Amino acid sequence: MGRVVSKETVADAPAAASSRELTFALVLLFGINFMNFYDRNVVGAIGERIKTEWSLTDGQLAGLSTAFILLYAVVGIPLGRLADTGSRKRMLAGGVTVWSAFTALCGLAGGFGALVACRLGVGIGEASAAPAANSLIGDLFPPARRARAISVFMLGVPVGAGASFLISGLIVQVTGGWRPALFVAAIPGLVLGVLALRLPEPTRGAADPDVAVRARGAWESIGLVLKTRTMWWIIASGALFNLIAYALSAFQTSFLIRYHGLNIDIANRFTAVIFGLGGGIGMLGGGWLGDHIGQRMKQRTEQRTPRGRLLVAMLALIVAAPLAFAAIQQSRGQFWMFGVYMFCAVAAMYVYYSTVYATIHDIVEPQMRGAAMSVYFFVFYMFTALGLVAFGKLSDARYAVALASGATAGDARALGLHDAFATVPVLCVMTAAVLWLASRSADADYARVRASSRGLLLS
């Protein structure tokens, strides 16, 4: 068992952050996550131009994301440990500076291999953001407000992705090249890296007075995370859900160009609205619903339980599945109806982030949140990396079938990607089923963490 850090020690720590400091921290963390996903999705926005310039296949284009994800997963484990033991604001400052610099270097790449290498550098920097930021939020905001706080931070995912598609597509349309979009993406992160040094650094466990804070070793923390039954189901849900999210972000613009005949600028505008506005509505709505359901269940059972948040995410994905199916089944050229259905589907899908991430905070000790997030990211990114390769290969395989059946090369490419997209509704249903299984053990894991702390806090 790890060494216990008493609440008297916590009381001697710096005072809790003021309302102004909390607002500054949450806005800045949103900005960092915004640029995290802006930079991450630039390649999806400009991918068709890169593909054309270097004559790449869909498998190679997916491989660009795969290499990024694999490195992100591997370096995330030590960075998760650092988020549990070191200065989180310095970790964020360094991370955002590194990924911004490598984003600029991507614009100087002279070939596909060089671009892959530079994207690996982006992955190293970006792997610092989620463990450090989630750990900070967990110690700044109490459980009753945590899902809403996480929803604001995670709002950077859809809004950053949406802005990336919108702005990057416009830059490509105006300049005729894809490299300027990467240079523009690099600049704001350098400013955010400096501002991150002004973030508050709360004591671990400050927002959870009913949970003891114990100094644990790296392997002990990871082992305890993996002994938590609900975490296994949450990790499995992350593997399935993020394959959906990454496949859509990597290929939706290409789908609109190939299947519905839009130019790159208009296609990216559609993608920007679908992810930026639709995803944002789902993210904030999920945060509000997650906290609201938690409060309602607390009133009924006289204790807080995380199960409700997982059920909200499950129901949202059940709703998303038929909406995504309807979007994909629209006839060629019916891009407006595709947009309407996919907008609603993405809004429902993004409820996942704010509800499930808040649940992770509920079922692990404060000193283990960085480790929990890094293990979660490691497993689902490894799965997503392989899944994206399979997604690209499926598109290429269906392209070959269509081509052999007499379709033109352009039509075959469109049909191949359409058939790959048909896996999205199935993955939504599978994720919902896994979340239901997670909900069955969540309350027990929540109670176990607090029960094990009770005697330590009184001693």
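Conventions adopted
- Residues numbered from 1 in each chain as written.
- Predicted model: local features only at pLDDT ≥ 70, side-chain atom pairs only at ≥ 80, totals over all residues.
- Heavy atoms only, no water.
- Helix = DSSP H or I, 4+ residues; strand = E, 2+ residues; numbered from the N terminus.
- Expected span 1.5 Å × (residues − 1).
- Buried < 20%, exposed > 50% of the residue type's maximum accessible area, 1.4 Å probe, protein only.
- Contact = heavy atoms within 4.5 Å.
- Polar contact = N/O pair within 3.5 Å; in protein donor to acceptor, adjacent residues only side chain to side chain.
- Salt bridge = Lys/Arg side-chain N within 4 Å of Asp/Glu carboxyl O.
- Core = buried A, V, L, I, M, F, W, Y, C linked by side-chain atoms within 4.5 Å.
- 1 Å grid on protein atoms, 1.4 Å probe; cavity = no way out; pocket = protein on both sides within 12 Å on 5 of 7 lines; lining within 4 Å.
- Points joined across faces, edges and corners; volume = space filled by probe spheres on them.
- Nonpolar A, V, L, I, M, F, W, Y, C, P; charged D, E, K, R; others polar.
- Phe/Tyr/Trp six-rings, centres within 6.5 Å; stacked < 30°, edge-to-face > 60°.
- Lys NZ or Arg CZ within 6 Å of the ring centre and 35° of its normal.

1. Description of helix α4 (residues 88–106)
And step 1. End to end, α4 covers 27 Å across 19 residues, agreeing with the expected 27 Å (1.5 Å per residue, within 8%).
And step 2. Along α4, the residues that are buried comprise R88, M91, L92, A93, G95, V96, W99, S100, T103 and C106.
And step 3. Contact partners of the buried residues in α4: α2 (19–54), α3 (58–85), α5 (112–126), α6 (129–140) and α9 (179–195).
And step 4. Capping of α4 at its N-terminal end is provided by S87; its side-chain oxygen lies 3.4 Å from the backbone amide nitrogen of R90.

2. Quick notes on the pattern of salt bridges
And step 1. Per the counting criterion, the structure on display carries ten salt bridges.
And step 2. The residue D139 makes a salt bridge to R88 at a minimum N-O spacing of 2.8 Å. On the criterion of sequence distance, the pair formed by D139 in helix α6 and R88 in helix α4 is long-range, its members being 51 residues apart.
And step 3. Among the residues examined, D139 registers a relative accessible area of 3% and is labelled buried.
And step 4. Of the residues examined, R88 reaches a relative accessible area of 0% and is grouped as buried.
And step 5. The residue R398 makes a salt bridge to D419 at a minimum N-O spacing of 2.9 Å. Linking R398 in helix α16 (residues 369–404) with D419 in helix α17 (residues 409–421), this pair joins segments that are 21 residues apart in sequence.
And step 6. A relative accessible area of 34% means that R398 is categorised as partly exposed.

3. Re the nonpolar core
Side chains that are nonpolar tend, in soluble globular proteins, to be buried together.
And step 1. Counting residues in each nonpolar core, the largest one holds 141 residues, and the members touching the most others are M349, Y353, Y357 and Y376.
And step 2. Apart from residues no more than four positions distant in its own chain, Y376 is found in contact with M231, I234, I235, G238, N242, Y352, Y357 and I360.

4. Digging into empty space enclosed by the protein
And step 1. What the rule picks out here adds up to three cavities of 30 Å³ or more.
And step 2. In this structure, the largest cavity encloses a volume near 210 Å³.
And step 3. R40, N41, Y246, S249 and A250 are, among the 19 residues lining the largest cavity, the residues nearest its centre.
And step 4. Grouping the amino acids of the lining of the largest cavity by side-chain chemistry returns 13 nonpolar, four polar and two charged.
And step 5. Taken as a whole, the second largest cavity holds about 120 Å³ of empty space.
And step 6. The wall of the second largest cavity is formed by 15 residues, among which F37, M154, Y357, F377 and Y381 lie closest to the centre.
And step 7. Elements supplying a minimum of two residues to the lining of the second largest cavity: α2, α7 (143–154), α11 (229–258), α15 (351–363) and α16.

5. Quick notes on the packing of aromatic side chains
The geometry of an aromatic ring pair is captured by the separation of the ring centres together with the interplanar angle, meaning the angle of the planes.
And step 1. Under the defined criterion, the tally for this structure stands at 26 aromatic pairs.
And step 2. Ring geometry for F255 against F338: centres 5.3 Å apart, planes inclined by 35°, an arrangement best described as tilted. Pair noted here: F255 is in helix α11 and F338 is in helix α14 (residues 335–349), with a separation of 83 residues, a long-range link. Each member of the pair, F255 as well as F338, is classed as buried.
And step 3. Seen in terms of ring centroids, Y357 and F377 are 6.3 Å apart; in terms of plane orientation they differ by 80°. Their pairing is edge-to-face. Taken together, the residues Y357 in helix α15 and F377 in helix α16 connect sequence positions 20 residues apart. Each member of the pair, Y357 together with F377, is buried.
And step 4. Every member of this aromatic cluster is reached through a ring pair, and the members are F165, F241, Y246, F275, Y350, Y352, Y353, Y357, Y376, F377, F380 and Y381.
And step 5. Here R40 stacks its cationic end above the ring of F37, 4.2 Å away from the centre of that ring.
And step 6. Residue placement shows R332 over the ring face of Y259; its charged tip is 5.2 Å from the ring centre.

6. Here's the deal with helix α8 (residues 156–175)
And step 1. A rise of 1.5 Å per residue sets the reference length of α8, with its 20 residues, at 28 Å; its end C-alpha atoms lie 27 Å apart and thus fit the reference within 8%.
And step 2. One or two residues past the end of α8 sits G176, with phi positive at roughly 80°.

Purely geometric numbers; function is a separate question.
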